[in-house]
Amino acid sequence: MKEKGEAGGKIPRLMLAAPNSGSGKTLITCGLLQALKNRGLQPASFKCGPDYIDPLFHTRVLGVPSRNLDTYFTGKELTRALFGTHAQDADLAVMEGVMGFYDGVAGVTTEASSWELADVTDTPVILVVNMRGMSLSVAALIRGFQQMKSESHIRGVILNQTSEFMCRQLRPVIEEHCQIPVLGYVPKVTDCVIESRHLGLVTPDELTDLQERIEKLARILEQTLDLDAIIQLAADAPVLSWKPLQQFLPDAYVTQNSSENGGMHPVRIGVARDEAFCFYYEDNLDLLRRLGAKMIYFSPLHDRKLPENLQGLLIGGGYPELYAQALSENTGMLQDIREQIAKGLPYLAECGGFMYLHERMEDMEQRRWLMAGILKGTAFYTGKLGRFGYVELTAGQDQMLGRAGDRIRAHEFHYFDSSDNGSAFHAAKPMRSRGWDCMQAGDTYAAGFPHLYYYSNPEFAVKFVETCRRYQG
């Protein structure tokens, strides 16, 4: 029986996980989503962990936003509520795991791992095993993953980069020793591969033939995977209960700040979204909408000025370094941003957006380009991944997002640095002694390399929307 105030129901669901990164999870997830669509189903997709690029590929296949699920950011109850809320109307929910199945916070725990997400949501897992350089040993590998936890949730396996012959040879051995079905194989499909770069995969907008690649892969998977068994595996997932999402929202959600509840006019927040700026958590945007914001999208690359009558500005991460010259030469947009911020327009900028607001920014060849000039200093290429991973931010001063001592969780992932990272917050690595000061912030702005996850402390989103609402322009 569900407790008072709980929601719930039967949600067909599964997770595609793997022993390690680079096993082909994203490509197979996209192909599976397309194959399900080809069968007339309406799937929903989710990505485990702090990843922006993989959900972009899911979204391109589905035509609707993919979501992130991350127990480090939102804990167990809220993670389940976010999943249940977004998956309840889908025919089947597909989760894509992150890194190795058990790899979690600090590299020595299962916190925020794919396994923990499967455990929190009671989701059947299909282990995708890359067969390169391996044959019979795959049975030992799978068996080891099953035995790592008393409940591994592993209910099937897909053999990747192998042949029909090897799959037929190994299936009875694996099924005898591991007592789970081999649900098929994926052959080497070099013309369907998605290329990578320094932050992971290239973005979907850079692949003019992406849809053709995914369609081709889906046709292959229809032949090489037992899709009927996969769909049945998802259908056999247990009934899931979760608390209504509004129970986790701040009081402002049910006050006049929420336009959804018949309150004030919506707050117009300009959101930079194009090839250079495309890294946004969909649930971050959803939370802003619930708090009364209306997203007004614009392109720093292609538009000559900001949209009219904005009350706030949000510039997320992405690949501005790849478009540095074009961004610099769009002087109309840069001038308008300078003028609007000089008038007091509130803004929140993360990672690539932070870099864009500098006086200068380097590209991948370390050539320097003039940028918006809102923030002093230069964003420069380091050639290596810096300050990578989860962090918890503690405000060192009162500023737009809250009071001194307020905390929010975030992550960093960048090959660039700044000559002035700021010191409005202190970032601490979980389960590590390492930390550093970061972010520039004041009464109407906050900017830095960390990517904030608003649901880890929704009051930060409330403060941002409230600051934007007070701005009259």
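Look a little higher up for the structure.
Definitions and limits used
- Residues numbered from 1 in each chain as written.
- Predicted model: local features only at pLDDT ≥ 70, side-chain atom pairs only at ≥ 80, totals over all residues.
- Heavy atoms only, no water.
- Helix = DSSP H or I, 4+ residues; strand = E, 2+ residues; numbered from the N terminus.
- Rg over C-alpha atoms; globule rule 2.2 N^0.38 Å.
- Buried < 20%, exposed > 50% of the residue type's maximum accessible area, 1.4 Å probe, protein only.
- Contact = heavy atoms within 4.5 Å.
- Areas by Shrake-Rupley, 256 points an atom, 1.4 Å probe, with all protein chains shown as cover.
- Phe/Tyr/Trp six-rings, centres within 6.5 Å; stacked < 30°, edge-to-face > 60°.
- Pairing = 2+ DSSP bridges.
- Right-handed = clockwise from strand over helix to strand, strands pointing away.
- Lys, Arg positive; Asp, Glu negative; His and termini not counted.
- Salt bridge = Lys/Arg side-chain N within 4 Å of Asp/Glu carboxyl O.
- Polar contact = N/O pair within 3.5 Å; in protein donor to acceptor, adjacent residues only side chain to side chain.
- 1 Å grid on protein atoms, 1.4 Å probe; cavity = no way out; pocket = protein on both sides within 12 Å on 5 of 7 lines; lining within 4 Å.
- Points joined across faces, edges and corners; volume = space filled by probe spheres on them.
- Nonpolar A, V, L, I, M, F, W, Y, C, P; charged D, E, K, R; others polar.
- Axes fitted to C-alpha atoms, helices over the stretch in contact; angles between N-to-C directions.

J.: So what's going on with the overall build of the protein? Residues and values would help.
T.: The helix and strand tally for the protein stands at 13 helices and 26 strands. Taken over C-alpha atoms, the radius of gyration comes to 23 Å for the protein, in line with the 23 Å a tight globule of 473 residues would show. If you line up the protein on its principal axes, its C-alpha atoms span 70 × 55 × 45 Å. The burial tally for the protein puts 58% of its 473 residues in the buried class. Long-range contacts, defined as pairs at least 24 residues apart, comprise 75% of the intrachain contacts of the protein with a sequence gap of at least 6. In the form shown here, the protein has an accessible surface area of approximately 19000 Å², with 47% of it arising from carbon and sulfur atoms.

J.: Quick one: what's the story with the packing of aromatic side chains, residue by residue and with numbers?
T.: Scanning the entire structure with this criterion turns up 18 aromatic pairs. With a centroid separation of 6.2 Å and an interplanar angle of 70°, the aromatic rings of F73 and Y281 are classed as edge-to-face. Here Y281 lies in the loop between β13 (277-279) and α9 (282-290) and F73 lies in helix α3 (residues 71-87), a separation of 208 residues in the sequence. In this structure Y281 comes out as buried when scored by relative accessible area, which is 2%. Seen in terms of ring centroids, F101 and Y102 are 4.8 Å apart; in terms of plane orientation they differ by 55°. Their pairing is tilted. Judged by its relative accessible area of 0%, F101 falls in the buried class. Clustering of aromatic rings is evident, with ring pairs tying together Y52, Y72, F73, F279, Y281, Y319, Y390 and Y453.

J.: Tell me what's going on with the pairing of strand β7 (residues 154-160), and back it up with residues and numbers.
T.: Here β7 lies mainly inside the structure; 6 of its 7 residues are buried. Bridging between strand β6 (residues 125-130) and β7 involves 6 bridges; their strand directions are parallel. Residue pairing for β7: V125 is matched across the bridge by I154. Assessed by its sense of winding, the connection that carries the chain from β6 through helix α5 (residues 137-147) to β7 is right-handed. Each parallel crossover has a hand, and the one from β7 via helix α6 (residues 164-178) to strand β8 (residues 182-186) is right-handed.

J.: Talk me through the side chain of R13; I want residue IDs and the actual numbers.
T.: Structurally, R13 can be placed in strand β2 (residues 13-17). Put simply, R13 is tucked away with no salt bridge, and the nearest opposite charge, on D122, sits 4.9 Å away. Within the local environment of R13, its side chain forms a polar contact with the backbone oxygen of I11, the two atoms lying 2.8 Å apart. A polar atom in the side chain of R13 sits 3.4 Å from the side chain of T123. The residues touching R13, leaving out its near neighbours within four places in the chain, are F83, A93, T121, D122, T123, P124, A234, A237, P238 and L240.

J.: Quick one: what's the story with the environment of N284, residue by residue and with numbers?
T.: Positionally, N284 belongs in helix α9. The exposure class assigned to N284 is buried, which follows from its relative accessible area of 5%. Counting along the chain gives 24 residues from N284 to E308, while the straight-line C-alpha distance between them is 23 Å. If we ignore the near neighbours within four places in the chain, the residues touching N284 are L452, Y453, Y454 and Y455. Polar contacts involving the side chain of N284 include one to the main-chain carbonyl oxygen of L452, which spans 2.9 Å.

J.: Please provide a residue-by-residue account of the layout of surface pockets, values included.
T.: Reported here for the second largest pocket is a volume of approximately 330 Å³. If you go around the second largest pocket, you meet 17 residues; those closest to its centre are P55, L56, T59, R273 and C278. It is helix α2 (residues 53-62) that contributes the most residues to the lining of the second largest pocket, 4 residues altogether. Classifying every residue of the lining of the second largest pocket by side-chain character gives 7 nonpolar, 4 polar and 6 charged.

J.: Lay out the sheet that holds β2 in plain terms, naming residues and giving numbers.
T.: In space, the 7 strands of this open sheet follow the order β4-β3-β5-β2-β6-β7-β8, with parallel pairing throughout. Each edge of the sheet is formed by a strand with only one pairing partner; in this case those strands are β4 (67-69) and β8. This sheet shows a mean twist of 25° between the axes of neighbouring strands, independent of strand direction. In terms of strand pairing, β7 meets β8 through 3 bridges, oriented parallel. By the bridge assignment for β8, V157 is matched with V182. Sitting on the sheet, α6 touches β7 and β8, and the angle it makes with β8 is about 155°.

Keep in mind these numbers describe shape, not what the thing actually does.
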